[in-house]
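Notes for the structure review
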Amino acid sequence: MSAQSLRPKVVQLYKTLLYLGRDYPKGYDYFRTKLKNAFLKNKDVSDPKEIEMLIARGEYIVKELEALYMLRKYRTLKKRYYPDET
């Protein structure tokens, strides 16, 4: 696989992360600048295996963000339906 054929995967990963960044606890602007810097840092990578590794790391971050958001929603619902027991 060439580096050029991986470009759509990278663009899709970037868009997915931008979408998930809307609900980031420190704010969208903070997340967007960190994301942009991370992608710019790796813009000169041309080895397809290394690009695949970076895509896999990005997909892991997507899963972690989704888990973070699910946990936050769970905690909110728990607080809403079960009053504080302390």
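The structure presented is a predicted model; accordingly, all values stated were derived computationally and were not measured.

Residues annotated in UniProt with the feature "domain: Complex 1 LYR protein" (unreviewed entry) correspond here to residues 9–59. End-to-end, the C-alpha atoms of residues 9–59 are 10 Å apart, and along that stretch the chain is 75% helix and 0% strand.

Judged by nonpolar contacts, Leu13, Leu17, Leu18, Leu20, Phe31, Leu35, Val62, Leu65 and Tyr69 together constitute the single largest core of nine residues. Sort the elements by how many residues they give to this core and helix H1 (residues 7–20) lands first, with four residues. Ignoring any residue separated from it by four or fewer positions in sequence, one finds Leu13 in contact with Phe39, Ile55, Gly58, Glu59 and Val62.

Two aromatic rings, taken as a pair, are described by how far apart their centres are and by the angle between their planes. Within this structure, the stated rule accounts for three aromatic pairs. With 5.1 Å between their ring centres and 45° between their planes, Tyr24 and Phe31 make a pair best called tilted. Judged by relative accessible area, which is 25%, Tyr24 ranks as partly exposed. We classify Phe31 as buried; its relative accessible area is 10%.

Within the secondary structure, Lys9 sits in helix H1. Each C-alpha atom, one on Lys9 and one on Glu52, is 9.3 Å from the other, the two residues being 43 residues apart in sequence. Aside from chain neighbours lying at most four places away, what touches Lys9 is Glu52 and Ile55.

Rules and cut-offs
Residues numbered from 1 in each chain as written. Predicted model: local features only at pLDDT ≥ 70, side-chain atom pairs only at ≥ 80, totals over all residues. Heavy atoms only, no water. UniProt positions renumbered as here; feature names shortened; annotations may be inferred. Helix = DSSP H or I, 4+ residues; strand = E, 2+ residues; numbered from the N terminus. Core = buried A, V, L, I, M, F, W, Y, C linked by side-chain atoms within 4.5 Å. Buried < 20%, exposed > 50% of the residue type's maximum accessible area, 1.4 Å probe, protein only. Contact = heavy atoms within 4.5 Å. Phe/Tyr/Trp six-rings, centres within 6.5 Å; stacked < 30°, edge-to-face > 60°.

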